[in-house]
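An overview of the molecular structure
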Amino acid sequence: MPAHEETSEDTSEATSGPLDGERAHLAGSRAALRAMREDVQALDIRDVTANWVNAAVLQAQIDDRIKALADLSHTPLFFGRLDYRHPVGAREAEGSGGEQFYIGRRHVHDAHGDPMVIDWRAPVSQPFYQASRNNPLDVDRRRRFGYTGGELTAYEDEHLTDPAETERTSKLLQAEIERPRVGPMRDIVATIQPEQDEIVRSDLGGTVCVQGGPGTGKTAVGLHRVAYLLYAHRERLARTGTLVIGPNRSFLHYIEQVLPALGELEVKQATVEDLVTAQVEVRGTDEAAAAVIKGDARMAEVLRRALRSHVTLPTEGVVVVRGSRRWRVPAYEIEEMVVELLARDMRYGAAHEALPQRIAHSVLVRMEEAGEAPDDRVQNAVARTPAVKAAVKAVWPAVDPAKLVLRLLADPGFLAAHAEGILTDDEQKRILMARPARSVKSAKWSAADAVLIDEAGDLVARTPSLGHVVIDEAQDLSPMQYRAVGRRCSTGSATVLGDLAQGTTPWSTESWAQALFHLGKADAVVEELTAGFRVPREVIAYASRLLPAISPGLAPVESVREAPGSLAVREVAGADALDGAVVAACEESLAHEGSIGLIAADARVPALADALTAAGHTYLSPGEETTAASRLTLVPASLAKGLEYDYVVLDEPAAVVDGEPDERTGLRRLYVALTRAVSGLVVLHAAPLPEQLGRGGDADRARAGDQ
Ligand SMILES: Nc1ncnc2c1ncn2[C@@H]1O[C@H](COP(=O)(O)OP(=O)(O)OP(=O)(O)O)[C@@H](O)[C@H]1O
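Computed from a predicted structure; not experimentally measured. (Residues numbered from 1 in each chain as written. Predicted model: local features only at pLDDT ≥ 70, side-chain atom pairs only at ≥ 80, totals over all residues.)

Regarding the overall build of the protein chain
Heads up, the rule is: Put simply, DSSP H or I for four residues or longer makes a helix, DSSP E for two residues or longer makes a strand, and each gets a number counted from the N terminus. Contacts are defined on C-beta atoms placed from the backbone: any two residues whose C-beta positions lie within 7 Å are in contact.
Summing up its helical and strand segments, the protein chain has 31 helices and 22 strands in all. C-alpha extents for the protein chain along the principal axes are approximately 105 × 75 × 45 Å. Here the analysis covers contacts within the protein chain between residues at least 6 apart in sequence; of these, 76% occur between residues at least 24 apart.

Some words on the nonpolar core
One broad trend across soluble globular proteins is that nonpolar side chains are buried collectively. Selection criterion: Defined on buried residues, the nonpolar core groups Ala, Val, Leu, Ile, Met, Phe, Trp, Tyr and Cys residues joined through C-beta atoms within 7 Å. Counting other C-beta atoms within 10 Å of its own, a residue is labelled buried from 20 upward, exposed at 12 or fewer, and partly exposed in the gap between, with every C-beta atom placed from the backbone.
Core analysis: the biggest nonpolar cluster contains 184 residues, and V496, V582, L598 and V649 have the highest contact counts within it. What V649 contacts, discounting residues up to four positions off in sequence, is V582, A585, C586, S589, I596, L598, V682 and L684.

Topic: the sheet that holds strand 18 (residues 567-571)
The condition that has to hold: Two strands qualify as a pair provided DSSP detects at least 2 bridges between them. A fitted line through C-alpha atoms represents every axis, and for helices the fit uses only the stretch in contact; the resulting angles, taken between N-to-C directions, go from 0 to 180 degrees.
Pairing is parallel across the open sheet formed by five strands, whose spatial order is 18-22-21-19-20. A strand with exactly one partner marks an edge of an open sheet, and here the two such strands are strand 18 and strand 20 (632-636). On average, adjacent strands in this sheet sit at an angle of 20° to one another, irrespective of strand direction. One ladder, built from five bridges, connects strand 19 (residues 596-600) with strand 20; its direction is parallel. Across the sheet, the residue bridging to L598 is L634, located in strand 20.

A look at the site of the ligand
Test applied: Using the backbone to place each C-beta atom, any residue with that atom within 6 Å of a molecule or strand is considered near it. Gly is put with the polar residues, along with every residue not named as nonpolar or charged; the nonpolar set is Ala, Val, Leu, Ile, Met, Phe, Trp, Tyr, Cys and Pro, and the charged set is Asp, Glu, Lys and Arg. All domain edges in this entry derive from an automatic or database-based domain assignment.
Looking at the ligand, there are 23 residues lining it, with T191, G217, K218, T219 and F533 nearest. Of all the elements, helix 7 (residues 218-232) adds the most residues to the shell around the ligand, at three residues. Along the lines of polarity and charge, the residues of the shell around the ligand split into six nonpolar, 11 polar and six charged. Counting only domains with at least three residues in the shell around the ligand, you end up with domain 2 (200-280 + 464-532) and domain 4 (544-703).

Re the pairing of strand 7 (residues 151-159)
Pairing of strand 6 (residues 139-148) with strand 7 involves eight bridges; the strand directions are antiparallel. Counterpart to T148 in the pairing with strand 7 is E151. Following strand 6, the chain reverses through two residues before pairing antiparallel with strand 7; G149 in that reversal takes a positive phi of roughly 50°.

Let's talk about the sheet that holds strand 14 (residues 493-498)
The sheet built from six strands is open, its strands ordered 10-9-13-14-8-15 with parallel pairing. Looking at the sheet topology across the chains shown, the edges are occupied by strand 10 (268-270) and strand 15 (525-529). The mean angle between the axes of side-by-side strands here comes to 15°, regardless of whether they run parallel or antiparallel. As paired elements, strand 9 (residues 242-245) and strand 10 share three bridges and run parallel to each other. From the neighbouring strand, I245 faces strand 10, where its bridge partner is A270. Sheet strands touched by helix 7: strand 8 (208-212), strand 9, strand 13 (468-471), strand 14 and strand 15. Its angle to strand 14, the strand with the most contacts, is close to 165°.

Looking at helix 13 (residues 298-308)
The test is simple: As used here, the arc belongs to the directions running from the helix axis to the C-beta atoms.
Buried residues of helix 13: M299, V302, L303, A306 and L307, and no others. Taken down its axis, helix 13 places every buried residue within 130° of arc, on the same side. Its buried side turned inward, helix 13 meets helix 12 (288-294), helix 15 (348-369), helix 18 (401-410), helix 19 (412-419), helix 21 (447-460) and helix 22 (479-487).

Details of the UniProt feature "binding site: ATP" (unreviewed entry) in the protein chain
As a reminder of what qualifies: UniProt positions are given in the numbering used here, feature names are shortened, and annotations may be inferred rather than shown by experiment.
UniProt feature "binding site: ATP" (unreviewed entry): in the numbering of this structure it lies at G212, G213, P214, G215, T216, G217, K218 and T219. For G215, the location among the structural elements is in the loop between strand 8 and helix 7. Look at G215 and you get buried, because 27 C-beta atoms sit within 10 Å. For G215, the residues in contact, after removing those within four places along its chain, are G532, F533, R534, V535, V557 and T675. The topology assignment puts T219 in helix 7.

So, in structure tokens, the structure goes:
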């Protein structure tokens, strides 16, 4: 691809020629950014603010802006340049007129307002990601820049309209993918690929679902989509809010720096459990079979029925006494009101609020007919009379969502009455509490119970919707969890990211169509990412041997990297020797640059922790940030999902499989563990490997680096 290339090794050219010009532009852009920051710092708000509240709000906005304008020494101001053939249309360009644009993380302009660097999210930047030899999008030359420690040291050109130039893989992209992974997850803004860019820039109105194997960039794409949407719809999303949902704390901690690095500081992050535990604390667990039933979408109907069973038709009318007069609303009229409210299918709580007003209105009409002239205040007063309150309590009582769920799970008769024809007798038995709790406070609620309470809560009062929600590792959500997330984006949109082959919960998603239906976004587009940016070819080929058993029909990931010698599978003679061999493999990996993950079945973690300590090694837990000084993390297999390490040592695959309730889930867990490595994977086993891995036979084993 690059007809012309300079690298830091290419010193003769690196000290002169185009690179000098580019460095001058970098220095100019930095100076311009400094001037932009100084302009904001110099703002005097005393004259423009009416009071201290305004002043405080404005000052906070100014402080945010100053923060956003910071020049981070290790985050280059621009990473690319586009040379357009013709001036870009004024409508399209951010600061139109020029033919040459520098593309970076944020917009920088000079003292005249002319752009020095264009935000990567602006329309004029899009050809940086999308232009190709087949469709150059009016771009003559695309230039990518390479940096070393904040210094501009290389560039690489593609002349998209030159038929003589041949296509080559970008060395800078390659270097970026291979860069050691110490520290939290990084942004990929300089190297977003065309198929990823399509997803990143898809419109706010629609929900997108991305199926992609390990390391295809789903998480990266989801986070960059948030940054893009915030740029394109800043005001709307500032009002409605955005949220990123991940599987656990350590994962959220791993990804939490990506959006701030892209200048977006306001996006909330949470697990599904965080969302649904506002009402109750989770202190209990469910057996898998019970959790599957509680997570089934049929539970929504059971809850709806149970809630509505609180509505009864009136047996008597209401008599309201005001002064010397008595006003009577007959039972049949209240019945009509109740029937009408039921038919409207409004939230239970909203109807509970509306009913006293309707009864009071009926009293008002009678007063008017009798020649009185009551106003709205009288209606409110009537609605609050003990007689009306008592009538409402009898026919449409207030219901506490947690109490409703408690009664369903603790009272077999109540459950049977509302689960009739929905859950079998056996299913009902499975979800009933073994020892019924006496109160909401004392109950040992499980995570699945909290989701039921959240559903009940939404039946009572509508859950507010955010503008956009990203759901990562979505394949692990139950239908009821999808519903819980779906109501948080009912008037907004979602980005659903996942891999069916990595589903490791007993209720994991079997088809995206079903998942999207439960989310309430059945018309979402499902996109597929197939190019792998993490796992080297040999390693992904080895892991993909499991695919026919864990997700038949899913195509293996196509790794963009060869990295020969990246896989070693070693048999250790006898279980006693395993811990020592694992520690030795970690030491071997520590000789390389970058992070090391020792992944093991959860049950093996304590023994390996002891072995590491005995050998004098300190180690981190997942979610703790790796640093140059502390690079080894001991990862229970149950927490490996979504994470990555330069080198992975995988302990005893058979134990990883055995750690799960069934073989398929076990093999899926193993697939996740096998696909965390960026540069090298060493698999150590004393027990026989799961037969699905051995499928390749001797030739493959030799290639896999068996010793
Ligand atoms: N276009 C790209 N350029 C450079 N690096 C990339 C690109 N796309 C993805 N990556 C890198 O590949 C790695 C894997 O990406 P990511 O974690 O987003 O994949 P994933 O599909 O979510 O994986 P998993 O299914 O295992 O959770 C990350 O280090 C990410 O930065």
